[in-house]
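# Observations on the three-dimensional arrangement
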Amino acid sequence: MLFRRRKPAGFKEKMRELLWPRKGFLRPIRYLTMRVLRLSASPHAVAAGVAAGVFVSWTPFIGVHFVMAFVITYFLSGSMVAAALGCAAFGNPLTYPFIWGITWEIGHLLLSRKDQLAGQTVDLAALFHKLNFTELWKPVLEPMLVGAIPPAIVTSVALYALTFYTVRGFQTRRHIRLMERARLRLAVPAGNMPSI
């Protein structure tokens, strides 16, 4: 392998890496941020894709998040790559428990079901085992879908604005830097060009 370690990691080092990564926990976030910033699409396309990915991550339909994000992104003339990155960054196994808890509570609040569920329990394992959509809709999916709408709108609009202005600033600075390099290259006389 090209990037294989000379000395394979031992059990203790593997366990430490599992609990505390050598490069830190923020490295994946920095990587995704730079990946979004370096997309060659317009700031609107990148921001629309990220916003669509974040919006659908709030919904309880996990298996089709990417498809839903691509459809919304298509109608908003956004970047499909940005939509995929938005889905992956916002909706992942670390954030889903918080998203589900928030949407569940907001959904029951908006549907005024808090008093109806007092003392009742929902056997999710039995409902998912049967996979009967009609029985799963009323107690689980409906409140989560209704509860997903307000936070999805707020976060996707906020991240659209943040992404749009960040990408526009990054692209402007990058364009200025490239123009400066081109100007310096043209300013050097042809006889003084270094030989390759």
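Residues numbered from 1 in each chain as written. Predicted model: local features only at pLDDT ≥ 70, side-chain atom pairs only at ≥ 80, totals over all residues. Heavy atoms only, no water.

An unreviewed UniProt entry lists the protein under the name DUF2062 domain-containing protein, with Rhizobium indicum as the source organism.

One pass over the full model with this rule turns up six aromatic pairs. Between tryptophan 58 and phenylalanine 90 the ring centres are 5.6 Å apart and the planes differ by 45 degrees, which places this aromatic pair in the tilted class. On the criterion of sequence distance, the pair formed by tryptophan 58 in the loop between α3 (43-57) and α4 (65-75) and phenylalanine 90 in helix α5 (residues 80-90) is long-range, its members being 32 residues apart. By relative accessible area, tryptophan 58 is classed as buried at 6%. Where tyrosine 160 meets phenylalanine 164, the ring centres are 6.0 Å apart and the plane angle is 15 degrees; that geometry is what we call stacked. Taken together, the positions of tyrosine 160 and phenylalanine 164, both in helix α8 (residues 133-187) and four residues apart, correspond to about one turn of that helix. One aromatic cluster is present, built from ring pairs that chain together Tyr160, Phe164 and Tyr165. (Phe/Tyr/Trp six-rings, centres within 6.5 Å; stacked < 30°, edge-to-face > 60°. Helix = DSSP H or I, 4+ residues; strand = E, 2+ residues; numbered from the N terminus. Buried < 20%, exposed > 50% of the residue type's maximum accessible area, 1.4 Å probe, protein only.)

Of all hydrophobic cores here, the largest spans 15 residues; its most connected members are Val36, Val46, Val50, Trp58 and Ala82. Per-element accounting of this core gives the leading share, four residues, to α8. Discounting residues that sit within four places of it in the chain, valine 46 has contacts with Val36, Leu39, Ala41, Ser79, Ala82, Thr163 and Val167. (Core = buried A, V, L, I, M, F, W, Y, C linked by side-chain atoms within 4.5 Å. Contact = heavy atoms within 4.5 Å.)

What follows covers a nonpolar patch on the surface. A grouping of Val64, Phe66, Val67, Phe70, Val71, Tyr74, Phe75 and Met80 is seen on the molecular surface, where their side chains present a nonpolar patch of about 800 Å² in accessible area. Broken down by element, the residue count for the nonpolar patch peaks at six residues, all from α4. Within the fold, valine 71 resides in helix α4. Using a relative accessible area of 42% as the deciding quantity, one classes valine 71 as partly exposed. (Patch = residues over 30% accessible without salt bridge, like charges linked within 9 Å, V, L, I, M, F, W, Y side chains within 5 Å. Areas by Shrake-Rupley, 256 points an atom, 1.4 Å probe, with all protein chains shown as cover. Salt bridge = Lys/Arg side-chain N within 4 Å of Asp/Glu carboxyl O.)

A few words on the layout of surface pockets. One number sums up the size of the largest pocket: a volume of about 560 Å³. Surrounding the largest pocket, 20 residues form its lining, Ile29, Leu32, Thr33, Ala89 and Phe90 being those nearest its centre. Secondary-structure elements contributing two or more residues to the lining of the largest pocket are α2 (27-37), α3, α5 and α8. Looking at the lining of the largest pocket, the element that brings in the most residues is α2, giving six residues. (1 Å grid on protein atoms, 1.4 Å probe; cavity = no way out; pocket = protein on both sides within 12 Å on 5 of 7 lines; lining within 4 Å. Points joined across faces, edges and corners; volume = space filled by probe spheres on them.)

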